[in-house]
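Coordinates in review
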Amino acid sequence: MSFGETDLTNTLVHLGRGPNDCGRPVNLPIHQSSTILFEKLEAFQAARDARYDPGTLYYGRYGNPATFELETMISALEGAHGTVSVSSGLAAVSLALTGATKAGDHVLVADNVYEPTRGFCDTVLARYGVDIEFFDPMDLPSLASLMRPKTAAVMFEAPGSGTFEVPDIPAIAQIARENGAVSIIDGTWATPVFCRPLDLGVDVVVHSGSKYIGGHADSMIGFIVCNEATYPTMRRTAVAFGERAGSQDVFLSLRGLRTLEIRMRQVEQAGLAVATWLREQAQVLRVLHPALPDCPGHRNWQRDFQGSAGLFSVVLKPVSDDCLHAFVDGLRMFGIGVSWGGYESLVLPVAPNRVVSPWQEDGRVVRFSIGFEDTDSLTQDLARALSFLK
Ligand SMILES: Cc1ncc(COP(=O)(O)O)c(C=O)c1O
């Protein structure tokens, strides 16, 4: 069976399902594995020697047939040399940064990254003698000026967490490469459906598969997606930490991937419909959404992305804590909780943390993840809750 290279959903449906024998279930089973048995000592020794190579069955911690199928599939979607699946998105971030650095190195981290990424850098990496410096991802000249001979990695996110500025991905990757640093991007928002950062020159993409890839708010998994130069170190670093993705989460990711493109196209439309509606509301100062023309970096989004996810924020006019609670609590169609990318809509106030260029907006920032409810019901619910802000 062969499919046109451009038809992403055909690929999503047919890859990652194991050998094409006749008489098999549609889906791979959940592979529970620790010990792998070998007929002969020689075969065991060969597996041990090749244990870091993808596809080698040696011991459960190194992966099993379902893990290998999933990693191969993510690599195909991203145009990557190899993918390492780990236990969460944050594990992917922290292992990628650990794999790219050593004591004495300097690391540049975008000022708008996911807050726990900042936390890992400021606490753990700094404790191991890595010099952490934050940069404004929208200010390329300043990034270039901050590069040092010891800069080992540039960590950034597109778009920024909670505030959705879209940096110039190829330019940041080029500045890093010219200075001998590894570029690492958190690509969770776009998924490989809407952006393939390796094609834009980035070395490593990290994903929280707990979001859109799993897609149903019930699995925790992360991916470190690598070019050829970075793959061996990333794989060995994850193995050295004893990291692996859980079997059930591997199964749920393979299952989530089948519908990823369809779900992304749906949340793109629904997200834009709700964002556009919110822009017209008197209580809303700004909508922070990469596909809207006034979003910082909108032109970068137009050039480098093939669509927009259903996650965006609004800046409300300044209101008291009580009013903010009344608004959020008053929403009936939106769950309150961290994470995003599942089938139900979510709401969460966010407080942008900046050390380089202070966050200038006066009003409260509230993030929405738009799910599969119909958008008229969502906007009616929002209209009712917004009335509590008056
Ligand atoms: C942009 C981004 N990256 C990484 C993570 C971490 O992923 P996980 O929750 O799977 O550890 C999150 C989680 O919210 C996120 O929003």
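Residue numbering note: each chain is counted from 1, following its sequence as written. With the structure being a predicted model, the display of local features is reserved for residues of pLDDT at least 70 and the display and counting of side-chain atom pairs for 80 or more, all residues being used for whole-chain, interface and lining totals. Side-chain metrics rest on all non-hydrogen atoms present in the structure, leaving aside hydrogens and water.

**Topic: the overall build of the protein chain**
- Only DSSP runs of H or I covering at least 4 residues are called helices, and only runs of E covering at least 2 are called strands; the numbering of each starts at the N terminus. Scanning the protein chain from terminus to terminus reveals 14 helices and 12 strands.
- Atoms considered for the radius of gyration are the C-alpha atoms alone. The globule rule reads 2.2 Å times the number of residues to the power 0.38. Computed over its C-alpha atoms, the radius of gyration of the protein chain comes to 22 Å, within 12% of the 21 Å expected for a compact globule of 390 residues.
- Principal-axis analysis of the C-alpha atoms gives the protein chain an extent of 75 × 55 × 40 Å.
- Burial classification: accessible surface area is computed with a 1.4 Å probe over protein chains only, and a residue below 20% of its type maximum counts as buried, one above 50% as exposed, and the rest as partly exposed. In the protein chain, which comprises 390 residues, the share counted as buried stands at 55%.
- Sequence-distant contacts, at least 24 apart, represent 74% of the contacts inside the protein chain between residues at least 6 apart.
- If you sum the accessible surface of the protein chain, you get close to 16,900 Å²; carbon and sulfur atoms cover 52% of it. What makes two residues a contact is simply this: any of their non-hydrogen atoms within 4.5 Å. Residue burial considers only the protein chains on display, and all accessible areas are found by Shrake-Rupley using a 1.4 Å probe.

**Brief notes about the pattern of salt bridges**
- The salt bridge criterion pairs a side-chain nitrogen of Lys or Arg with a carboxyl oxygen of Asp or Glu, the two atoms within 4 Å. The tally for this structure, following the rule as stated, stands at 14 salt bridges.
- The partner of Arg-148 in a salt bridge is Asp-131, and the shortest N-O contact between them spans 2.8 Å. With Arg-148 in the loop between helix H6 (140-146) and strand S4 (151-157) and Asp-131 in strand S3 (residues 131-135), this pair connects stretches of sequence that are 17 residues apart.
- Taking the shortest distance from any N to any O, the salt bridge between Arg-384 and Asp-381 comes out at 2.8 Å. Here the residue Arg-384 and the residue Asp-381 both occupy positions in helix H14 (residues 375-386), the gap between them amounting to 3 residues, near one helical turn.
- Relative accessible area serves as the criterion here: at 26%, Arg-384 is assigned to the partly exposed category.
- Linked through salt bridges whose partners overlap, the residues forming this network are Asp-111, Glu-115 and Arg-118.

**A short note on the site of the ligand**
- Throughout this document, a residue counts as near a molecule or strand when at least one of its heavy atoms sits within 4 Å of that molecule or strand. Of all residues adjacent to the ligand, which total 13 residues, the nearest are Gly-89, Asp-186, Ser-208, Ser-210 and Lys-211.
- Side-chain polar atom of Ser-208 to an oxygen atom of the ligand: 2.8 Å apart, as the coordinates give it.
- Contact between the ligand and Lys-211: an oxygen atom at 3.0 Å from a side-chain N or O atom of the residue.
- About the coverage of the ligand: the protein hides 91% of its 390 Å² of free accessible area. Two N or O atoms count as a polar contact when they lie within 3.5 Å, although within protein this holds only if one can serve as hydrogen donor and the other as acceptor, and sequence-adjacent residues are included solely when both atoms are side-chain atoms.

**Focus on empty space enclosed by the protein**
- Buried and open spaces are told apart on a 1 Å grid over the protein atoms alone, a cavity being a set of points where a 1.4 Å probe fits but cannot get out and a pocket being an open set with protein on both sides within 12 Å along at least five of seven lines. Residues with an atom within 4 Å of a point are the lining residues. Grid points are joined across faces, edges and corners, and a volume is the space filled by probe spheres set on the points. Enumeration according to the criterion identifies 3 cavities of 30 Å³ or more in this entry.
- For the largest cavity, the calculated volume is near 80 Å³.
- Lining the largest cavity we find 13 residues, and of these Arg-61, Ser-85, Arg-235, Glu-243 and Arg-244 sit closest to its centre.
- Ranked by residue count, the leading element in the lining of the largest cavity is helix H9 (residues 231-240), at 3 residues.
- Quantified by volume, the second largest cavity comes out at close to 50 Å³.

**Considerations on the sheet that holds S3**
- Ordered by their spatial adjacency, 7 strands build an open sheet running S1-S7-S6-S5-S4-S2-S3, and the pairing between neighbours is mixed. At either margin of the open sheet sits one strand with a lone partner, and together these are strand S1 (82-86) and S3. Across the sheet, the axes of successive neighbouring strands diverge by a mean angle of 20°, strand direction being ignored.
- Two strands are said to pair when DSSP picks up at least two bridges between them. One ladder, built from 5 bridges, connects S1 with strand S7 (residues 222-226); its direction is antiparallel. Working convention: axes come from line fits to C-alpha atoms, limited for helices to the stretch in contact. Angles between N-to-C directions cover 0 to 180 degrees.

**Quick notes on the side chain of Arg-258**
- By the secondary structure assignment, Arg-258 is in helix H10 (residues 247-258).
- Asp and Glu count as negative and Lys and Arg as positive, but His and the ends of the chain are not part of the count. With no salt bridge to any partner, buried Arg-258 finds its closest opposite charge in Glu-69, at an N-O distance of 7.1 Å.
- The contact partners of Arg-258, leaving out residues within four places of it in the chain, are Thr-9, Leu-12, Val-13, His-14, Leu-15, Gly-16, Arg-17 and Met-73.

It is worth stressing that arrangement in space is one thing and function is another; only the former is reported here.
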